[in-house]
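Per-entry structural report
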Amino acid sequence: QVNLSIPIHLSWLQRTVRIASFSGDLSSLTAPPFILSPVSLTEFPAYWCERPELFSAIADAKTDEDRSIAVLKWFISTLKGQYTSRNEKMGSEKKPLNPILGELFYGYWPNINNRGQTNLVVEQVSHHPPITAYYIENKDKGVHLRGHSAQKTSFSSGSIIVKQIGHAILTVDLPSGKQENFLITLPKLRIDGLWYGSPYIELTDTSFIQSSSGWLSSIEYKGKGYFSGESHRYKAVVSPPRSNNAKHTFEGLWHTTSKHVNTGKVFTNVQGPKEEVTVLDVEEQGEWESRKVWKFVSKGIREGDFEVASREKSKIENEQRQRRRDEAAAGTKWELKHFDYVESDPLYEDLGILFKAVPPTEDAYLYKSNAPTIPPTPTPTTTAE
Ligand code: 0T9
């Protein structure tokens, strides 16, 4: 293949990123202050459920075909939060805080309008490389999602290319007593805008949602490229078991609206407000909970006091290094709190083979069902307006 990229001058930020991305892990990159986020990566799995009614609606669908469409609709509707919300909240994509090993994030979305309560459990299961495991469950409806998230980064033509490592499995309890599983693979990211010092994400390539019922959704991301294209465009085709012929096609912009091409009806619309996860007040959080761990670093970043931020960050890092030394000396190793590691995920293998997933096998973190009750005290029963 011929490299047609135009030789351009790199900005200071691009050069910094280029050097740092040699390792494939940007977590230790020393980013300039204006690009630091006060939020840790352990908070990111909450993006999966910021439209809780779409998550619970998966359980209400009556056929395997409708459930596949409901899963796709929920998935597409999470993309705006996952990939553009930092731009909306903070003006640009920012470097999240790099979680410490064992960092936790708990939260929930309350039960209103009969959608059931959804709980979130997140644990940082590896520090180097950074790996975040999560479990999101709506017990009332019988829907849960488990997964883990890591990244491999490289630098190309002035942009950061992020390959997402990991996958998610969504499970629905059917009235028959059986379960239906969906293997969700994750899109590739390109971080552009580095030249201007205001990074933003575009999605590229294809991701898949394979149901154990046989239905497959292939989602193609056709966002803005260097020369052409429109931001955040996608096209998804949904095909029946053992068939390569699409029965449904969905097309549009994942950050605004998209439609069911066959009927012309609106499919996703994420222009309305989303619901952020409810979290305990920092003062009530345990020592390992994300906002407690990062309290002073975040405060420093929010207030533009980077001296405080970096001093507090060093404290945390030194404490972590000491902990690892102590473990080495004692011959012990850090135990995960909420997850069990498995070298190969049987559901990934079984579902992945149906669409020739690459790689054919992946590891996973299985939830131990041992999170504290959230919220700790029963919420008063109020009538939702
Ligand atoms: C899983 C998501 C992921 C995490 C973030 C690449 C990135 C860390 C991983 C993939 C979520 O479900 C979705 C959204 C945003 C992703 C982050 C964007 C980003 O910039 C960081 C990387 C590690 C950096 O901080 C790069 C440094 C900086 C100079 C660019 C802003």
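The notes below deal with the structure included here. Here the structure is a predicted model, which means the values were calculated and not measured.

Contact geometry for helix H5 (residues 295–302) and helix H6 (residues 306–330): axes closest at 7 Å, N-to-C directions at 160°. One finds that H5 runs roughly antiparallel with respect to H6. Crossing handedness for the pair H5 and H6: left-handed. Between H5 and H6, the residues in contact are Phe-296, Val-297, Gly-300 and Ile-301 and Phe-306, Val-308, Ala-309, Glu-312, Lys-313 and Ile-316, respectively. Of the residues belonging to the contact of H5 with H6, the class tally is 7 nonpolar, 1 polar and 2 charged.

All right, on to the pattern of salt bridges then. Applying the stated criterion to the full structure yields 21 salt bridges. Glu-251 is the salt-bridge partner of Lys-222, the closest N and O atoms lying 3.8 Å from each other. Placement of the pair is Lys-222 in the loop between strand S13 (216–221) and strand S14 (233–239) and Glu-251 in strand S15 (residues 248–253), with a sequence separation of 29 residues. Taking relative accessible area as the criterion, Glu-251 reaches 27% and is therefore assigned partly exposed.

As a further point, take the packing of aromatic side chains. This model, assessed by the stated rule, comprises 13 aromatic pairs. With a centroid separation of 5.3 Å and 75° between ring planes, the pair formed by Phe-44 and Tyr-47 is classed as edge-to-face. Accessibility classification places Phe-44 together with Tyr-47 in one group, the buried group. Judged by centre distance (6.4 Å) and plane angle (70°), the ring pair of Tyr-83 and Trp-254 falls under edge-to-face. Of this pair, Tyr-83 sits in helix H3 (residues 64–90) while Trp-254 sits in the loop between S15 and strand S16 (257–260), and the two are 171 residues apart along the sequence. Of the residues examined, Trp-254 reaches a relative accessible area of 0% and is grouped as buried. Through successive ring pairs, a cluster of aromatic residues spans Trp-48, Phe-55, Trp-74, Phe-75 and Tyr-134.

Rules used throughout
Residues numbered from 1 in each chain as written. Predicted model: local features only at pLDDT ≥ 70, side-chain atom pairs only at ≥ 80, totals over all residues. Heavy atoms only, no water. Axes fitted to C-alpha atoms, helices over the stretch in contact; angles between N-to-C directions. Helix = DSSP H or I, 4+ residues; strand = E, 2+ residues; numbered from the N terminus. Parallel < 35°, antiparallel > 145°, perpendicular 65-115°, else oblique. Left-handed = near helix turned anticlockwise from the far one by under 90°. Contact = heavy atoms within 4.5 Å. Nonpolar A, V, L, I, M, F, W, Y, C, P; charged D, E, K, R; others polar. Salt bridge = Lys/Arg side-chain N within 4 Å of Asp/Glu carboxyl O. Buried < 20%, exposed > 50% of the residue type's maximum accessible area, 1.4 Å probe, protein only. Phe/Tyr/Trp six-rings, centres within 6.5 Å; stacked < 30°, edge-to-face > 60°.

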